[in-house]
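Listed below are the residues making up each chain.
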Amino acid sequence: SKQSNATKVLMLPWLAQGHITPFLELAKKLSTKDFHIYLCSTPIILTSIHNRISKTQSLSVELVPLHLPPTSPELPPHHHTTNGLPPHLLPTLMNAFDSASPEFSKLVQTLRPDLVIYDFLQPWAPTIASEFNIPAVEFVTTGAAVVSFFSFLAFKKPDVELPFPELQPLLGSFRNAQPNRPVDDGGGGKQTPMLECMKKSSKMILFNTFRELEGKYLDYLPISIEKKIVPIGPLVHETDHEENKDSAIMQWLGTKDELSTVFVSFGSESFLSKEEREEIAHGLELSGVNFIWVVRLLVGERTEVEEALPVGFLERIGQRGLVVDSWAPQAQILAHSSTCGFVSHCGWNSILESLKFGVPIIAMPMKHDQPISGKVVEDVGVGVEVKRDENRKLNRENIAQVIRKVVKDESGVRVRSKARELSEIIRMKGEKAIHGLVQEFVQLCNQGKTI
Ligand code: UDP
């Protein structure tokens, strides 16, 4: 059968939307190149992605459930991703995932893959693989800039200077944002899981990025990380014209003029404060531009979305704007010809999706890696950041002004053409990165067999 000749790859993404999507897209690509993929995640997550592979029956992607052991009663039942999870429960989810490692070990033993591909927070995955003499490669789903900062902090090579001194101020905020839970490194020292994951990767680390976007950061990485750095991006949510075509959102967008509407979304796990929500609402109103705004409320603070917005906001904007509760088909919206800009928190997938469709970015980074990704967006010239004041507060006039600049003013011409240029580059690259990766994997797995 196809399966018995194919190289078998077991993939284990972290439990967040922004990680599962690139892993799934990589799985789909590899499966067309004579790899048999086992994509391992919790049953709840697998159910949510099932229809994204079932349409293409020929794909050799098998979904393999990993059951999280019962955890502390704190974690709401069925909460298997960070989506909508209050931030204080993140450590609980991390612990639950970690304690599934014995089950992962059993899966490795049963499936006997030729290769394991794992994410950034689970150093036990490559450890288990090595117990079975199986190579394990890390796939970093964020950009290279973020990791170059992280590794600069973490590996602390005294003789290496940060190559981009202008970005030095970001180091402080990034240091505070890392999931920084120390673990024992076996030699009496403490390591973060992120660092352990990088160290344990067999020979190389994969990144969801590409040279034209992050060349200088990619070149910096090997100085601190002694692995081959393999950019395989952009791997983004593949859209399909038929999908969601009849949804109210796509119908609404279809009534708008070409290049007339901005999409406003802050990803699957960022929640605005009431104050931020107000400024953004007024900013959108002042901009005069059409918009689709995905408003997400924490599970605990859930009310009607309407109540979370300024009084009379929905009446005033009328047909000019659409407020969506919780979730919208982002990739389809970005691909639509009415869309002209993306007000984004600069999650890495969001940036890559925007560039794939040539949509310039109004950057409003919130936390974690986003401030650094926001700088990359500005640096490359595909977007403009909405600056915050010294207290990190947003300002409505400022928001409106940046939106207008990016989508319509003369001063934004270069940003718009740069975004289009990158989408053309992405189109031209096609499958080249994946071809390269296949070669790397074949070598790695053969070496594994001769050791
Ligand atoms: N997403 C979506 N609809 C939404 C919000 C998010 O489809 O309303 C998708 C988006 O297309 C992207 C992912 O969820 O693929 C979010 O990943 P990203 O890295 O941008 O941000 P995160 O959620 O990790 O902060």
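Scroll up for the structure.
Described below are features of the structure shown in this document. (Residues numbered from 1 in each chain as written. Predicted model: local features only at pLDDT ≥ 70, side-chain atom pairs only at ≥ 80, totals over all residues. Heavy atoms only, no water.)

### Section: the side chain of arginine 320
Argument step 1. Tracing the backbone through its elements, the reader meets arginine 320 in the loop between α13 (313–317) and β12 (321–325).
Argument step 2. For the buried arginine 320, which has no salt bridge, the nearest side chain bearing the opposite charge is glutamate 285, at an N-O separation of 6.1 Å.
Argument step 3. A distance of 3.5 Å separates a polar side-chain atom of arginine 320 from the backbone oxygen of leucine 284.
Argument step 4. Setting aside residues no more than four positions away along its own chain, arginine 320 makes contact with Trp252, Leu284, Glu285, Gly288, Val289, Asn290 and Phe291. (Helix = DSSP H or I, 4+ residues; strand = E, 2+ residues; numbered from the N terminus. Buried < 20%, exposed > 50% of the residue type's maximum accessible area, 1.4 Å probe, protein only. Lys, Arg positive; Asp, Glu negative; His and termini not counted. Salt bridge = Lys/Arg side-chain N within 4 Å of Asp/Glu carboxyl O. Polar contact = N/O pair within 3.5 Å; in protein donor to acceptor, adjacent residues only side chain to side chain. Contact = heavy atoms within 4.5 Å.)

### A short note on the site of the ligand
Argument step 1. In the vicinity of the ligand, 17 residues are found, and the nearest of them are Ser268, Ala328, Asn349, Ser350 and Glu353.
Argument step 2. In the model, a nitrogen atom of the ligand is placed 2.6 Å from a nitrogen or oxygen of the alanine 328 main chain.
Argument step 3. Histidine 345 places a side-chain nitrogen or oxygen 2.9 Å from an oxygen atom of the ligand.
Argument step 4. When the ligand sits alone it has 540 Å² of accessible area, and the protein chains cover 93% of it.
Argument step 5. Of all the secondary-structure elements, those providing two or more residues to the shell around the ligand are α2 (17–31) and α15 (348–356).
Argument step 6. Its residues assigned to classes, the shell around the ligand comprises four nonpolar, 11 polar and two charged. (Near = heavy atom within 4 Å. Areas by Shrake-Rupley, 256 points an atom, 1.4 Å probe, with all protein chains shown as cover. Nonpolar A, V, L, I, M, F, W, Y, C, P; charged D, E, K, R; others polar.)

### Focus: the nonpolar core
Argument step 1. Ranked by internal contacts, the top residues of the largest apolar core, which has 100 residues, are Leu26, Phe104, Ile117, Leu206 and Phe441.
Argument step 2. Residues in contact with phenylalanine 441, not counting those within four places in the same chain, are Leu30, Phe35, Leu115, Ile117, Val137, Met204 and Leu206.
Argument step 3. Membership of the second largest hydrophobic core comes to 31 residues, among which are Ile317, Cys340, Val384 and Ile403. (Core = buried A, V, L, I, M, F, W, Y, C linked by side-chain atoms within 4.5 Å.)

### Some details on empty space enclosed by the protein
Argument step 1. Applying the stated criterion across every chain yields a total of one cavity of 30 Å³ or more.
Argument step 2. Roughly 60 Å³ of internal volume is contained in the largest cavity.
Argument step 3. Forming the boundary of the largest cavity are Phe266, Ser270, Phe271, Leu272, Arg277, Trp293, Val294, Val295 and Arg296.
Argument step 4. The element that contributes the greatest number of residues to the lining of the largest cavity is strand β11 (residues 290–295), accounting for three residues.
Argument step 5. For the lining of the largest cavity, the per-class residue count stands at six nonpolar, one polar and two charged. (1 Å grid on protein atoms, 1.4 Å probe; cavity = no way out; pocket = protein on both sides within 12 Å on 5 of 7 lines; lining within 4 Å. Points joined across faces, edges and corners; volume = space filled by probe spheres on them.)

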